[in-house]
Amino acid sequence: MPILEILDYAGVAVFAATGALSASRKQLDIIGYLFLASVTGIGGGTMRDVVLGATPVFWVRNPAYLIVCASAGLLMFLTAHRFESRYRMLVWLDAVGLSAYCVMGAAKGLAATGSPTVAVVTGMLTATFGGILRDLLAGEPSVLLRPEIYVTAALVGASVFVCATIVGMPLAATSALGVVTAFAVRGGALRYGWTLPTGKAGPGRDPSDVM
Amino acid sequence: MPILEILDYAGVAVFAATGALSASRKQLDIIGYLFLASVTGIGGGTMRDVVLGATPVFWVRNPAYLIVCASAGLLMFLTAHRFESRYRMLVWLDAVGLSAYCVMGAAKGLAATGSPTVAVVTGMLTATFGGILRDLLAGEPSVLLRPEIYVTAALVGASVFVCATIVGMPLAATSALGVVTAFAVRGGALRYGWTLPTGKAGPGRDPSDVM
Amino acid sequence: MPILEILDYAGVAVFAATGALSASRKQLDIIGYLFLASVTGIGGGTMRDVVLGATPVFWVRNPAYLIVCASAGLLMFLTAHRFESRYRMLVWLDAVGLSAYCVMGAAKGLAATGSPTVAVVTGMLTATFGGILRDLLAGEPSVLLRPEIYVTAALVGASVFVCATIVGMPLAATSALGVVTAFAVRGGALRYGWTLPTGKAGPGRDPSDVM
């Protein structure tokens, strides 16, 4: 499925770049760039393949993905210091990767199980796990805990892709629709600070609750 | 095995609720609740299935588990702010999940490998991994590092279940025995602050040791 | 392959000891020692087996590895407080484990896929993942973010092993060569503070970049 392969490479490359940007923010050495780039680039897809039982995972079956990660990491090592704000670039690239990967993950989940529920969840997992791993390893505040919409964008993109597929739209259309929707949601959240209502603050003010 | 299925659903639902309570403590949005609920609810069992090679993992084979997590997350989103202490509720629900899951994990490990050692370890892993993941992702101090007995309760519950099974007790009895023992140990630790002796503090007072 | 088995047990035992040393630094109880010892000892190999699809993972197929972890953890529980600097001991044992495991992981990756690229990556992953997991769970600053060469040593050791294997050297020689090279690189980094050039600091001084 060429279009899905393109999305896969795009997701890997762009997430790898965000991992390298985290390495840059932490002033790591070249290997640190390559390591964080690889973990971020292939983390989500690895998680997806593992839970689906599609092992050996994709980058073991096709090492080209590792070359993509290494190249993205190297490119960032050489250029990252030039960017005005590596953080802003990181979150926007991350948004692109999230959009490509939520569709890719949903497609693989749907093909493997035929269950729309599982497809939406694998899409969301694939799209968010790499970034979560990157933040954990780089010791950055997790993207999960930031106020703006993040997981939601992946969830919406994956759901749109799955619904469009169920109603029988062609793959190219469903993929494009899913990617664009996810990016629109995440991009809007970044640009206009969109948020969802948070849980009401409880009365709980006892010491243990502060912990 | 109905009784094990009940334990599995109970473990998933209760752990999912603890994940949602963490989301509540972090004032996340509804999707944050659902995400942390799902990761916490299915994390331990996913780990168990992956190391046992029982893939696709349980929630991919049976998406009902995802519905359970989402429902628990939604329920908490609507009610958590009402609780006097969400933290106290979190640790007690976590104790219930731990008790159900250590038996469930041990049973699956024993069925898959026949090795009591592996069964005890998978039981412990299944019971503790979801909570560890929850704390890591929510940026809370890991339950692992708290003084009170935690992993120990899962270890004891799984061991009791395995031994009772080896001596030939019926499944219903071994399961009940394991769950009750684990809960008694963890509950006692929470209620009476039971602890195990810690390693002696070393002389090591050199700067690097402080790190 | 006896020599690889020896490396595997050595890697597991030594990494397990480092996990127990972390537990000691955190003043955990005996179960905390055993838990961190096991996670650190088998974490890297588990990751390797999972991505290669070699499940059930090695310690499920052969529980002896769990006994090794438990013994190393117990030994440390009884003796760790005697050491002048548990931190220094931790990093040196970690260097030994890293050297043994990068060769072991590369060998398994090469045997499973025949791809040198994959072999180098699985070698690096196997050697570093246990330590990364240990630091994450113990809440210590990740070894990844420390200035000294770490991942690089595993990468070099795995690469040397793979190249030597490709040119047809006997297994005993390639293994020894890989282990010695990795240890020389990591040891030199620890002893003489070797580092690689880090990415240039960017101009990016906007508030979000500080985050």
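Residues numbered from 1 in each chain as written. Chains lettered and ligands numbered in written order. Predicted model: local features only at pLDDT ≥ 70, side-chain atom pairs only at ≥ 80, totals over all residues. Heavy atoms only, no water.

Caption draft 1: Representation of the relation of the copies chain B and chain C within the structure. When chain B is fitted to chain C, the residual RMSD is 0.0 Å, and the transformation amounts to a turn of 120° plus an axial shift of 0.0 Å. Here the symmetry operator amounts to a three-fold rotation axis. Among all residues of chain B, the minimum C-alpha distance to the rotation axis is found for V50(B), at 4.2 Å. Taken together, the interface assignments show that only 6% of the residues at the interface of chain B recur at the interface of chain C, consistent with different surfaces on the two copies. (Least-squares fit on C-alpha atoms with pLDDT ≥ 70 in both. Contact = heavy atoms within 4.5 Å.)

Caption draft 2: Local environment of the nonpolar core. Judged by nonpolar contacts, the single largest core of 208 residues is most densely connected at F35(A), W59(A), F35(B), W59(B), F35(C) and W59(C). Apart from residues lying up to four places away in sequence, W59(B) is in contact with V51(A), V118(A), V121(A), L125(A), I42(B), T46(B), Y65(B) and L66(B). (Core = buried A, V, L, I, M, F, W, Y, C linked by side-chain atoms within 4.5 Å. Buried < 20%, exposed > 50% of the residue type's maximum accessible area, 1.4 Å probe, protein only.)

Caption draft 3: Molecular detail of the interface of chain B and chain C. Between chain B and chain C, the contact holds 35 residues from the first and 35 residues from the second. In total, chain B and chain C occlude about 2,900 Å² of area from one another, counting both sides; carbon and sulfur atoms represent 68% of this. For the interface between chain B and chain C, the tally reads zero salt bridges. Connecting chain B to chain C are one residue pair in polar contact (both at pLDDT 80 or more). The set of elements that each furnish at least two residues to the side of chain B that touches chain C consists of α2 (30-52), α6 (116-138), α7 (151-166) and α9 (207-210) of chain B. With eight residues, α6(B) is the largest single contributor of residues to the side of chain B that touches chain C. Tallied by class, the residues present in the side of chain B that touches chain C amount to 19 nonpolar, twelve polar and four charged. (Buried area = accessible area lost by both parts, 1.4 Å probe. Salt bridge = Lys/Arg side-chain N within 4 Å of Asp/Glu carboxyl O. Polar contact = N/O pair within 3.5 Å; in protein donor to acceptor, adjacent residues only side chain to side chain. Helix = DSSP H or I, 4+ residues; strand = E, 2+ residues; numbered from the N terminus. Nonpolar A, V, L, I, M, F, W, Y, C, P; charged D, E, K, R; others polar.)

Caption draft 4: Region of interest: the interface of chain A and chain B. Every contact between the two is made by 35 residues of chain A and, on the other side, 35 residues of chain B. Interface area, chain A with chain B, both sides summed: about 2,900 Å², of which 68% is carbon and sulfur. At the boundary of chain A with chain B, the tally comes to zero salt bridges. Linking chain A with chain B are one residue pair in polar contact (both at pLDDT 80 or more), by the criterion used here.

Caption draft 5: View of the state of the cysteines. All names here are of chain A. Summed over all chains, the structure comprises zero disulfides over all chains. As a non-bridged cysteine, C102 has C163 as the owner of its nearest cysteine sulfur, 13 Å distant. What makes C102 buried here is its relative accessible area of 0%. (Disulfide = S-S within 2.5 Å.)

Caption draft 6: Spotlight on the packing of aromatic side chains. If you walk through the whole model with that rule in mind, you get 18 aromatic pairs over all chains. Relative to Y65(A), the ring of Y9(A) lies with its centre 4.4 Å away and its plane at 10°, an arrangement referred to as stacked. Here Y9(A) is found in helix α1 (residues 2-25), whereas its partner Y65(A) is found in helix α4 (residues 64-79), with 56 residues between them in sequence. Note on W92(C) and F183(C): the rings are 6.1 Å apart at their centroids and 55° apart in plane angle, and the pair reads as tilted. Here F183(C) lies in helix α8 (residues 171-192) and W92(C) lies in helix α5 (residues 86-113), a separation of 91 residues in the sequence. For F183(C), a relative accessible area of 32% puts it in the partly exposed group. Three or more aromatic residues joined by ring pairs form one cluster here, namely Y9(A), F58(A) and Y65(A). Taking NZ or CZ as reference, R48(B) lies 5.3 Å from the ring centre of F58(B), over its face. (Phe/Tyr/Trp six-rings, centres within 6.5 Å; stacked < 30°, edge-to-face > 60°. Lys NZ or Arg CZ within 6 Å of the ring centre and 35° of its normal.)

Caption draft 7: Representation of helix α6 (residues 116-138) of chain C. Compared with an ideal rise of 1.5 Å per residue, which puts 23 residues at 33 Å, α6(C) spans 33 Å between its outermost C-alpha atoms and is within 8% of the ideal. A maximum bend of about 35° is found in α6(C) at T128(C). (Expected span 1.5 Å × (residues − 1). Bend = angle between axes of the 7 residues up to and from the residue.)

Caption draft 8: Layout of the packing of helix α2 (residues 30-52) of chain A against helix α6 (residues 116-138) of chain A. All names here are of chain A. Put simply, α2 and α6 touch, their axes get as near as 8 Å, and they point 140° apart. Once α2 is placed against α6, the crossing between them reads as right-handed. Here F35, L36, V39, T40, G43, G44, G45, M47, R48, V51 and L52 of α2 come into contact with α6, specifically with T122, L125, T126, F129, G130, G131, L133, R134, L137 and A138. Partitioning the contact of α2 with α6 into residue classes produces eleven nonpolar, eight polar and two charged. (Axes fitted to C-alpha atoms, helices over the stretch in contact; angles between N-to-C directions. Left-handed = near helix turned anticlockwise from the far one by under 90°.)

Caption draft 9: Structural context of the environment of R48(B). Secondary-structure assignment places R48(B) in helix α2. Distance from R48(B) to F129(B), taken between C-alpha atoms, is 9.1 Å for residues 81 residues apart in sequence.

Caption draft 10: View of the pattern of salt bridges. A full pass over the atoms with the stated rule returns 15 salt bridges over all chains. Between D94(A) and R134(A) there is a salt bridge, with the nearest N and O atoms lying 2.9 Å from each other. Remark: R134(A) occurs in helix α6 and D94(A) occurs in helix α5 (residues 86-113); sequence separation between them is 40 residues. Just as D94(A) is buried, R134(A) falls in that class too. D49(C) serves as the salt-bridge partner of K108(C), at 3.7 Å between the closest nitrogen and oxygen. A residue pair is termed long-range when its members are at least 10 positions apart, and K108(C) in helix α5 and D49(C) in helix α2 (residues 30-52) qualify at 59 residues.

Caption draft 11: Quick look at the UniProt feature "transmembrane region" (unreviewed entry) in chain A. The positions that UniProt labels "transmembrane region" (unreviewed entry) are, in the present scheme, residues 6-23, 30-47, 59-78, 117-137 and 149-173 of chain A. Structurally, residues 117-137 of chain A comprises 100% helix and 0% strand, and the distance from its first C-alpha atom to its last is 29 Å. (UniProt positions renumbered as here; feature names shortened; annotations may be inferred.)

Caption draft 12: Looking closely at the side chain of T46(C). Within the secondary structure, T46(C) sits in helix α2. For T46(C), the side chain forms a polar contact with the side chain of W59(C), separated by 2.9 Å. If sequence neighbours within four positions are ignored, T46(C) has contacts with V51(B), V57(C), F58(C) and W59(C).

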